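# Coordinate inspection notes
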Amino acid sequence: MLSNFTYVRPKSLEEAFKQLSSGGAKVHAGGTDLLGCLRDHVFEASKVVSLSNIQSLHGIRKTSQGGMGIGALTTLREVAGNSEIKKHYAALAQAASEVASPQLRNQGTLGGNLCQKPRCWYYRGDFHCLRKGGEECFAVAGENAYHCIFGGESCYIVHPSDTAPALGALGAQMTIRGPKGKRSVALESFYVPPAEDYTKETRLEAGEIVTEIVLPPPAERLRSSYRKVRARQSWDFALSGIALAFVFKGDQVQKARVFLSGVAPVPWRCREVEEAVIGKRLDEGTVRKAAESAVQKAKPLEQNAYKIPLLRGLIEEQLLAIAR
Ligand SMILES: Cc1cc2nc3c(=O)[nH]c(=O)nc-3n(C[C@H](O)[C@H](O)[C@H](O)COP(=O)(O)OP(=O)(O)OC[C@H]3O[C@@H](n4cnc5c(N)ncnc54)[C@H](O)[C@@H]3O)c2cc1C
């Protein structure tokens, strides 16, 4: 059952910051993750501050630099269907279209997708786990088939968002506003790995809001893609996924950014694949070596070693697909 809270719908950011300054206030975008967390008592809120009436947070615009700015309250359906995003930033459109179900994409926002809480069943369940201030990560000796194989120090969650790895590969910046002003953080640095602080997921400070996600101008001959593998084809979180953003010169890869989903507590930059493909044609030998190098440092738990061949195969398939 939900605990009682007050609900406010400010019309401006300034008003929202004022409302958020009281302890126990939480940001509400589409609510598809927030309400589940409150219902399951992952955390409590004495006040819920809806952003839906703040018009400046909605919509997609071209930036003066030739990139795109996506308001944090833009729905995933709008992101997936936008013709400019499909044309120039295919990885993002593909990732947004792979999130959950049509109903959730209609309601869920890009900002909410990037700030959603981890999906670990211990964290979400009645377990006082490390991330909730307890003494241990129950996944280590428990049910860990869906947990991470990279970057799992002390806490073994996987990052749940599909759009975050795509935005990481595309070099996006997050615009963050709060009572102390405005700042811009690369998506790549926005997430906090457990080795640094296992009680935090993002670098948002108290009272701050993600207002916009800014994509750089698309390079000429940029090709990007996102694909995830899941247990059920209808809708599900990624068991593993890969976002690629490659700039080609002829048939050689000139620049590469690669981010993985479903395998680490943060969107996982895979420099091994980047290094293995830069300056190369994506022939079968290069692709095989790249995929092999990606999994060398994997540290599976008892039940999730299947993610290693799964990821290797996915990387091979996606590298060959982007070369065509
Ligand atoms: C059944 C189910 C299946 C799902 N499957 C997938 C999937 O396959 N892939 C995937 O990526 N996701 C999946 N999700 C997660 C879903 O995409 C998220 O719930 C949704 O994107 C969150 O967006 P929202 O606008 O509803 O956020 P909310 O629920 O409103 O907010 C989520 C969190 O982010 C914070 N927040 C929201 N907006 C901002 C902002 N602008 N600034 C600062 N903080 C903010 C809130 O305080 C809250 O903690 C699934 C969810 C469900 C329920």
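Residues numbered from 1 in each chain as written. Predicted model: local features only at pLDDT ≥ 70, side-chain atom pairs only at ≥ 80, totals over all residues. Heavy atoms only, no water.

## Focus on the overall build of the protein chain
We apply this condition: Working definition: helices are DSSP H or I runs of at least four residues, strands are E runs of at least two. Numbering for both runs from the N terminus. C-alpha atoms define the radius of gyration in this analysis, and the globule rule sets the expected value at 2.2 Å times the number of residues to the power 0.38. For the area figures, the Shrake-Rupley method with a 1.4 Å probe applies, and any residue is considered shielded solely by the protein chains shown. In summary, the charge assignment counts Lys and Arg as positive and Asp and Glu as negative, without counting His or the chain termini. For the purpose of locating charges, the reference atoms are NZ of Lys, CZ of Arg, CG of Asp and CD of Glu.
Helix and strand counts for the protein chain stand at 13 helices and 12 strands. Over its C-alpha atoms the protein chain spans a radius of gyration of 19 Å, differing by no more than 12% from the 20 Å that the globule rule assigns to 324 residues. Considered along the principal axes of its C-alpha atoms, the protein chain spans approximately 60 × 50 × 35 Å. Summed over its atoms, the accessible surface of the protein chain is roughly 15000 Å², and 50% of this surface lies on carbon and sulfur atoms. For the protein chain, the separation between the mean place of its 43 positive charges and that of its 33 negative charges on side chains is 6 Å.

## Side note on the environment of Cys129
The cut-off we apply is this: Whether two residues touch is decided by their heavy atoms; if any such pair falls within 4.5 Å, the residues are in contact.
Mapping Cys129 onto the fold places it in the loop between α8 (121-124) and α9 (163-169). Considered as a pair, Cys129 and Ala243 are 114 residues apart in the sequence and their alpha carbons are 30 Å apart. Apart from residues no more than four positions distant in its own chain, Cys129 is found in contact with Tyr123, Gly134, Glu136 and Phe138.

## With respect to the nonpolar core
Here is the rule we go by: Only buried Ala, Val, Leu, Ile, Met, Phe, Trp, Tyr and Cys residues count toward a nonpolar core, and they belong to the same one when joined by side-chain atoms within 4.5 Å. Buried residues are those whose accessible area, probed at 1.4 Å on protein chains only, stays under 20% of the maximum for their type, while exposed residues exceed 50% and partly exposed ones sit between those limits.
Within the largest apolar cluster, 38 residues are counted, with the highest numbers of intra-cluster contacts made by Leu92, Leu114, Leu167, Ile213 and Leu215. For Leu92, the contacting residues outside a window of four places in its chain are Ile70, Val79, Ile85, Thr163, Ala166, Leu167, Leu170 and Leu215. Within the second largest apolar cluster, 29 residues are counted, among which are Val258, Ala294, Ala298 and Ile308.

## Considering the site of the ligand
Threshold: If a single non-hydrogen atom of a residue is within 4 Å of a molecule or strand, that residue counts as near it. Polar contacts here mean pairs of N or O atoms no more than 3.5 Å apart (in protein, one a potential hydrogen donor and the other a potential acceptor; neighbouring residues in sequence count only if both atoms are side-chain atoms). When residues are grouped by polarity, Ala, Val, Leu, Ile, Met, Phe, Trp, Tyr, Cys and Pro land in nonpolar, Asp, Glu, Lys and Arg in charged, and all others, Gly among them, in polar.
The environment of the ligand is made up of 32 residues, and the closest members are Val27, Gly31, Thr32, Leu34 and Thr109. Residue Leu34 places a main-chain N or O atom 2.7 Å away from an oxygen atom belonging to the ligand. Within the complex, the protein chains bury 93% of what would otherwise be the 980 Å² of accessible surface of the ligand. For the shell around the ligand, the secondary-structure elements that each account for two or more residues are β2 (25-28), α7 (110-115) and β8 (209-215). Looking at the shell around the ligand residue by residue, the classes come out as 16 nonpolar, 11 polar and five charged.

## Remarks on the packing of aromatic side chains
Put simply, the test is: Here is the rule: rings of Phe, Tyr and Trp (six-membered ring for Trp) pair when centre to centre is within 6.5 Å. Planes less than 30 degrees apart are stacked, more than 60 are edge-to-face, and the remainder are tilted.
Inspection of every chain in the model, using the stated rule, returns seven aromatic pairs. Relative to Phe127, the ring of Tyr122 lies with its centre 4.9 Å away and its plane at 85°, an arrangement referred to as edge-to-face. Judged by its relative accessible area of 10%, Tyr122 falls in the buried class. A relative accessible area of 35% means that Phe127 is categorised as partly exposed.

## Some words on the pairing of β8
As a reminder, the rule being used: For two strands to pair, DSSP has to find at least two bridges joining them.
With respect to burial, β8 is a largely interior element, six of its seven residues being buried. Relative to β8, strand β5 (residues 68-71) is paired through four bridges, and the arrangement is antiparallel. Paired with Gly71 across the bridge in β8 is Glu212. Examined bridge by bridge, strand β6 (residues 173-178) and β8 share five bridges and lie antiparallel to one another. When the sheet's bridge partners are listed, Gln173 is paired in β8 with Val214.

## What about the pattern of salt bridges?
Selection criterion: Think of a salt bridge as a Lys or Arg side-chain nitrogen and an Asp or Glu carboxyl oxygen that are within 4 Å of each other.
Inspection of every chain in the model, using the stated rule, returns 22 salt bridges. For Glu84, the salt bridge identified is with Lys62, shortest N-O distance 3.4 Å. Residue Glu84 is located in helix α4 (residues 83-88), and its partner Lys62 is located in strand β4 (residues 60-62); the two are separated by 22 residues in the primary sequence. For Lys62, a relative accessible area of 57% puts it in the exposed group. Here Arg269 makes a salt bridge to Glu188, at a shortest N to O gap of 3.0 Å. Here Arg269, found in strand β12 (residues 268-269), pairs with Glu188, found in helix α10 (residues 187-190); they are 81 residues apart in sequence, far enough to count as distant.

## Quick notes on the layout of surface pockets
Put simply, the test is: Only protein atoms enter the 1 Å grid used here, on which a cavity is any set of points holding a 1.4 Å probe that cannot leave and a pocket is any open set flanked by protein within 12 Å on both sides along at least five of seven lines; residues with an atom within 4 Å of a point are listed as lining. Grid points are joined across faces, edges and corners, and a volume is the space filled by probe spheres set on the points.
Of the volumes computed, that of the second largest pocket is approximately 420 Å³. Around the second largest pocket, the lining is made up of 20 residues, and of these Arg119, Tyr146, Val158, Asp236 and Phe237 lie nearest the centre. Class assignment for the residues of the lining of the second largest pocket results in 10 nonpolar, five polar and five charged.

## Considerations on the sheet that holds β6
What counts, and what does not: Interaxial angle, 0 to 180 degrees, is taken between N-to-C directions of lines fitted to C-alpha atoms, where a helix line uses only the stretch in contact.
With antiparallel pairing, the five strands of this open sheet are ordered in space as β4-β5-β8-β6-β7. A single partner strand is all that each edge strand has here, and the edge strands are β4 and β7 (181-186). Direction aside, the axes of adjacent strands within the sheet are offset by 25° on average. Note: β6 against β7, six bridges, orientation antiparallel. Paired with Met174 across the strands is Val185, a residue of β7. The strands touched by helix α1 (residues 13-20) are β6 and β8; relative to β8, the strand with the most contacts, the crossing angle is about 135°.

The values are spatial; any link to function lies outside them.
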